[in-house]
Amino acid sequence: MSRERLLVYYDFDQPDSFSGSITPIPLTLPAAGALPTEIPLATVNLNLVRPHDRVRLAATVGWRVVAVSGPFSNEAELEFRIRRGGTTGVLVSSARDSGFPIEDFREITTKFLYTEGGISHSVQYTLSVVLVNAPGAGPGTTPAQIIGPIHFEGSVIDDNST
Amino acid sequence: MKRQRELVNFNFDEPSSQTGTFPPISLVVPPPGAQPTEFELASFILREIKPDDRIRLTATVGWRRSDGDQPVLEFRIRRGGIVGPIVFSTRDTGFVSSAPSDNTTSFDHVETGVAHSRLQYTLTVVFVRIASFVDPGTIVAVIDGPVHFDGEVIDDNGRKENF
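A brief report on the enclosed structure follows. All figures in this text were calculated on a predicted structure; none of them were measured in a lab. (Residues numbered from 1 in each chain as written. Chains lettered and ligands numbered in written order. Predicted model: local features only at pLDDT ≥ 70, side-chain atom pairs only at ≥ 80, totals over all residues. Heavy atoms only, no water.)

### Topic: the sheet that holds strand β8 (residues 116-129) of chain B
All names here are of chain B. Across the sheet, which stays open at both edges, the 4 strands sit in the order β3-β8-β5-β6 with antiparallel pairing between neighbours. Edge strands, defined here as strands with exactly one partner in the open sheet, are β3 (38-49) and β6 (86-93). Each neighbouring strand pair of the sheet contributes to a mean axis angle of 15°, computed without reference to strand direction. Inspection of the sheet shows strand β5 (residues 72-79) paired to β8 by 8 bridges, in the antiparallel sense. When the sheet's bridge partners are listed, Leu-73 is paired in β8 with Phe-127. (Pairing = 2+ DSSP bridges. Helix = DSSP H or I, 4+ residues; strand = E, 2+ residues; numbered from the N terminus. Axes fitted to C-alpha atoms, helices over the stretch in contact; angles between N-to-C directions.)

Below you can see the structure in the form of structure tokens.
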């Protein structure tokens, strides 16, 4: 068996490279009984994909918890999602991270990875975020913000042997 | 369009691969009006980069909160040495706990349009702020490993070789 070079396609979307350099994207707690809004952050398009390839997706997002009514007032739990096929496509990966502010800020970097196979031709993936929980914060408040960086990438990795 | 081999160059610097094995770097609260010190953690050089290449940079840093409420750290990637332009930054926060509070911060970044025969990238860390007052000189966080920093040069999609 001969060795071969495996990375055959790569795409990335990087709306922001620095902490705090974008206008913060607010994550607002919905009214009781309503679903929180899922906010798309970045999209990658991968081409020339074959079924035996491994598609590896990686995301890095900087965000912060906001104390909506003073120190120790609330937590914030975010769910980061990867969907295949647009913003309403199939949910293929999700990862949660949470923070708790003592004062008025807590800045956090979340990174996660996901890999799948069985994909053919061209495929689009969307990275999104949703506020899933914020104990101590009331409806209409904004207990978390996306502040950057935002990085999303996809690598197409060939079968190990041909 | 033919598929091609994309990963054309790789380098890394990994001064520490386990928690507690990095020569500890202590981040202290600076005196009023003074800038905190930025410390170099790792550095490497990539060569023969073409204009359409994507340079993918990845870092993992282990650290612990030492003292004070919620110290915020900023991790930076600079092109060149520690005085080169900042091309990436992200922040993470240590949480107050009675037990040791250990953290792992990991992130990715991509650079494009920086054709060069030789490019150095440097990973650094700097203290940003703390939630409540502590005396200047107080050690609020310690970088204690692991420290991993790597760079991949990824060619433009879909040219050249048929395989």
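From this point on, the discussion continues.
### With respect to the sheet that holds strand β5 (residues 76-84) of chain A
Residue and element names in this part refer to chain A. On the basis of which strands lie adjacent, the open sheet formed by 4 strands has the order β3-β8-β5-β6 and antiparallel pairing. The open sheet has two edge strands, β3 (39-49) and β6 (90-99), and neither has a second partner. If you compare each strand with its neighbour and ignore which way they point, the axes differ by 20° on average. Bridge count for β3 against strand β8 (residues 121-133) is 8 bridges, and the pairing is antiparallel. The residue bridging Pro-40 from the neighbouring strand is Ser-128, located in β8.

### Observations concerning the packing of aromatic side chains
All names here are of chain B. Tallying each qualifying case throughout the model produces 6 aromatic pairs over all chains. Ring geometry for Phe-88 and Phe-107: centres 5.0 Å apart, planes at 25°, overall stacked. One end of the pair, Phe-88, is in strand β6; the other, Phe-107, is in strand β7 (residues 101-112), with 19 residues separating them in the sequence. For Phe-88, a relative accessible area of 1% puts it in the buried group. In this structure an aromatic cluster arises from ring pairing among Phe-75, Phe-88 and Phe-107. (Phe/Tyr/Trp six-rings, centres within 6.5 Å; stacked < 30°, edge-to-face > 60°. Buried < 20%, exposed > 50% of the residue type's maximum accessible area, 1.4 Å probe, protein only.)

### Side note on unusual backbone geometry
Following Gly-148 of chain A, the chain continues into Pro-149 of chain A via a peptide bond in cis, with omega recorded as 0°. Here Pro-149 of chain A shows up in strand β9 (residues 144-157). Residue Gly-145 of chain B is joined to Pro-146 of chain B through a cis peptide bond whose omega torsion reads 0°. Among the structural elements, Pro-146 of chain B can be located in strand β9 (residues 139-154). Although it is not a glycine, Leu-48 of chain A adopts a positive phi angle of roughly 60°. Along the chain, Leu-48 of chain A turns up in strand β3. You will see that Glu-48 of chain B, though not glycine, has its phi angle at about 55°, which is positive. Topologically, Glu-48 of chain B is positioned in strand β3. Its relative accessible area of 67% is what places Glu-48 of chain B among the exposed residues.

### Focus on the nonpolar core
Leu-78, Ile-82, Tyr-125, Ile-146 and Phe-152 of chain A are the most contacted members of the largest nonpolar core, which totals 38 residues. Elements represented by at least two residues in this core include exactly β1 (7-16), β3, β4 (54-65), β5, β6, β7 (106-117), β8 and β9 of chain A. By size, the runner-up hydrophobic cluster in this structure holds 34 residues, among which are Phe-22, Ile-25, Leu-41 and Ile-55 of chain B. (Core = buried A, V, L, I, M, F, W, Y, C linked by side-chain atoms within 4.5 Å.)

### Some details on the interface of chain B and chain A
Opposite the 38 residues of chain B that make contact, chain A presents 34 residues. Summing both partners gives a buried area of about 3,200 Å² for chain B against chain A, and 51% of it is carried by carbon and sulfur. Summed over the three residues of chain B that lose the most area to chain A, namely Arg-3, Gln-70 and Asp-108 of chain B, the buried surface amounts to 21% of that side. Joining chain B to chain A, the criterion identifies 4 salt bridges. Among the salt bridges present, the one from Arg-129 of chain B reaches Glu-107 of chain A, with a minimum N-O distance of 3.1 Å. For the interface between chain B and chain A, the tally reads 16 residue pairs in polar contact (both at pLDDT 80 or more). Those elements giving two or more residues to the side of chain B that touches chain A turn out to be β4 (54-65), β5, β6 and β7 of chain B. Sort the elements by how many residues they give to the side of chain B that touches chain A and β6 of chain B lands first, with 8 residues. Its residues assigned to classes, the side of chain B that touches chain A shows 14 nonpolar, 12 polar and 12 charged. (Contact = heavy atoms within 4.5 Å. Buried area = accessible area lost by both parts, 1.4 Å probe. Salt bridge = Lys/Arg side-chain N within 4 Å of Asp/Glu carboxyl O. Polar contact = N/O pair within 3.5 Å; in protein donor to acceptor, adjacent residues only side chain to side chain. Nonpolar A, V, L, I, M, F, W, Y, C, P; charged D, E, K, R; others polar.)

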